[in-house]
Structure formats: structure tokens, C-alpha cells
Amino acid sequence: MKGLARIYLPYYIVEVQPGNRRFYGEVHVSLRVPRFQALVLATPNDLGFEKIPLGGRTAEPLASPEEYARLVEELLEEASKYEAQAFDVGGWKGLIRAMLTGGVKPKPAGLEARLALTYAREVLGIEESSRLRAYPEKLWLPVDVRVTRRSVEAYIPRGRGRERFRVLEKLAEKEPEARRALEELVEASRKPL
């Protein structure tokens, strides 16, 4: 597809202890977005990672493996404090007001925290008592990206075809810092290495 730039996003393999679960955590774009969205690009699945990036611009990790594991643990600890407050109605007066106005509106930070916790638990397999260990080896996810004034298109190469990387597209659409990170990487990819 014409106009696409090949970039490589850095990932660490993160082991969830105890147990034998692991996930892959992205450490460039996801560390530039608001705290409770930092796990949006984390996945338990191998997306087609490469050990050596060839033919594109690499994004440097914004944290060491130890820092990344610590950041995720801190994020989840902070999110668990919001969990009970996600749908806090504000006592009896709030409950009556909610009944009169027809509903309870979740607090945005509490809702994002709850979503982060749910994703961490149900998809990544991280429990409250879990400890995380990130391996020092970097894996690279090749992504073909096009940034226009209106949108961001992202594709993960699959054999001879491509698969839309919709999570990255949505993140860039919602978060200006994610979009800016992709714009910088695309611009850098056009300059000689």
C-alpha cells in the first residue's frame, strides 16, 4: 500500500508470577498516553514479533524492563484504589439524586481504572498478588503506518498480506500523545538511517 511507513514498536516479554502466564508489553507509544491506558497495546498473543528489525525505523523503549514491570505493578495498585469508586454515587444524597435523575454516571478516572484492572485480570492474567518480571530481550513488532490530517492507519504484516492494527488506530485517534509518537516515527522513517 502506497504511502505506508514501516516502523518497529518495542515490546518486552513480561512473566506473571506466580504461575506460568506471560504477556507482551509495548514500551514506547503506550508509555506516552494517560496512565490507565498504558496496557492498551499489551497482549498475551504473539503478534508476529521479530528479534531483529529490518527495513524500518525503530522506536526506542521509554523504560527498562525492570522499570516497565514496576510501572505496570504501580498502575494496577493505583487502579485498585479507584475500583470501588468507579460507580460511587456519593452516599445517600447521591443515591437519591441518582434515582431522581435516572442513573449513576461513573467517574472517568474510576472507569478507566476499572477497565485497566479488568483487562489486566481477564486478558493478561495478572492477579492482585501477582509480581511481574520483564525479560531484558526486546522484541519488535513491525507496523506499517500512514498518518494523515484526519486519521491514522496501521497494519501488521502477515505473510503476504496485512492485518489492521485497530487498537493502535483507536489509541492514536483518542490520545494526542499516541498520535504524536506515530507522527514522529513516520517522519523519522523517511530520513536515511
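Residues numbered from 1 in each chain as written. Predicted model: local features only at pLDDT ≥ 70, side-chain atom pairs only at ≥ 80, totals over all residues. Heavy atoms only, no water.

Engineer: Quick rundown of helix α5 (residues 176–189)? Include the residues and the values.
Structural biologist: Its 14 residues give α5 an end-to-end C-alpha distance of 20 Å, which sits within 8% of 20 Å, the value for a rise of 1.5 Å per residue. Of all the residues in α5, the buried ones are A178, R179, A181, L182, L185 and V186. Down the axis of α5, the buried set is contained in an arc of 160°. They therefore lie on one face. Here the buried face of α5 lies against β1 (5–17), β3 (57–58), β4 (131–147), β5 (152–158) and α4 (166–174). (Helix = DSSP H or I, 4+ residues; strand = E, 2+ residues; numbered from the N terminus. Expected span 1.5 Å × (residues − 1). Buried < 20%, exposed > 50% of the residue type's maximum accessible area, 1.4 Å probe, protein only. Arc of directions from axis to C-beta. Contact = heavy atoms within 4.5 Å.)

Engineer: Before we move on, could you go through the packing of aromatic side chains and cite the residues and values that matter?
Structural biologist: The final tally for this structure, using the stated rule, is 3 aromatic pairs. Among the aromatic side chains, those forming a connected cluster through ring pairs are Y11, Y24 and F49. (Phe/Tyr/Trp six-rings, centres within 6.5 Å; stacked < 30°, edge-to-face > 60°.)

Engineer: So what about the pattern of salt bridges? Which residues, and what values?
Structural biologist: Taken as a whole and assessed by the stated rule, the structure comprises 18 salt bridges. K174 is paired through a salt bridge with E112; the nearest N and O atoms lie 3.8 Å apart. Of this pair, K174 sits in helix α4 while E112 sits in helix α3 (residues 108–122), and the two are 62 residues apart along the sequence. For K174, a relative accessible area of 51% corresponds to the exposed category. With a closest N to O distance of 3.8 Å, R121 and E128 form a salt bridge. (Salt bridge = Lys/Arg side-chain N within 4 Å of Asp/Glu carboxyl O.)

Engineer: Could you give me a rundown of the nonpolar core, with the residues and numbers involved?
Structural biologist: Counting residues in each nonpolar core, the largest one holds 28 residues, and the members touching the most others are L9, Y11, V29, L141, V143, F165 and L168. At the level of secondary structure, the elements contributing two or more residues to this core comprise β1, β4, β5, α4 and α5. When residues no more than four places from it in sequence are discounted, the contact partners of V143 are A5, R6, I7, L9, A154, Y155, F165 and L168. In terms of nonpolar packing, the next biggest core, distinct from the first, is built from 24 residues, L39, A42, A69 and A116 among them. (Core = buried A, V, L, I, M, F, W, Y, C linked by side-chain atoms within 4.5 Å.)

Engineer: Can you tell me about the side chain of R179, naming the residues and giving the values?
Structural biologist: Mapped onto the elements of the fold, R179 is located in helix α5. Assessed through its relative accessible area of 18%, R179 is described here as buried. Filtering out sequence-adjacent residues up to four positions away, R179 remains in contact with V147, T148, R149, R150, S151, V152 and A172.

Engineer: Provide a residue-level description of unusual backbone geometry, including the pertinent values.
Structural biologist: Most peptide bonds are trans, and most residues other than glycine sit at a negative phi. Each neighbour pair has its own omega, and for Q17 with P18 the value is -5°, a cis peptide bond. Considering the arrangement of structural elements, one finds P18 in the loop between β1 and β2 (21–26).

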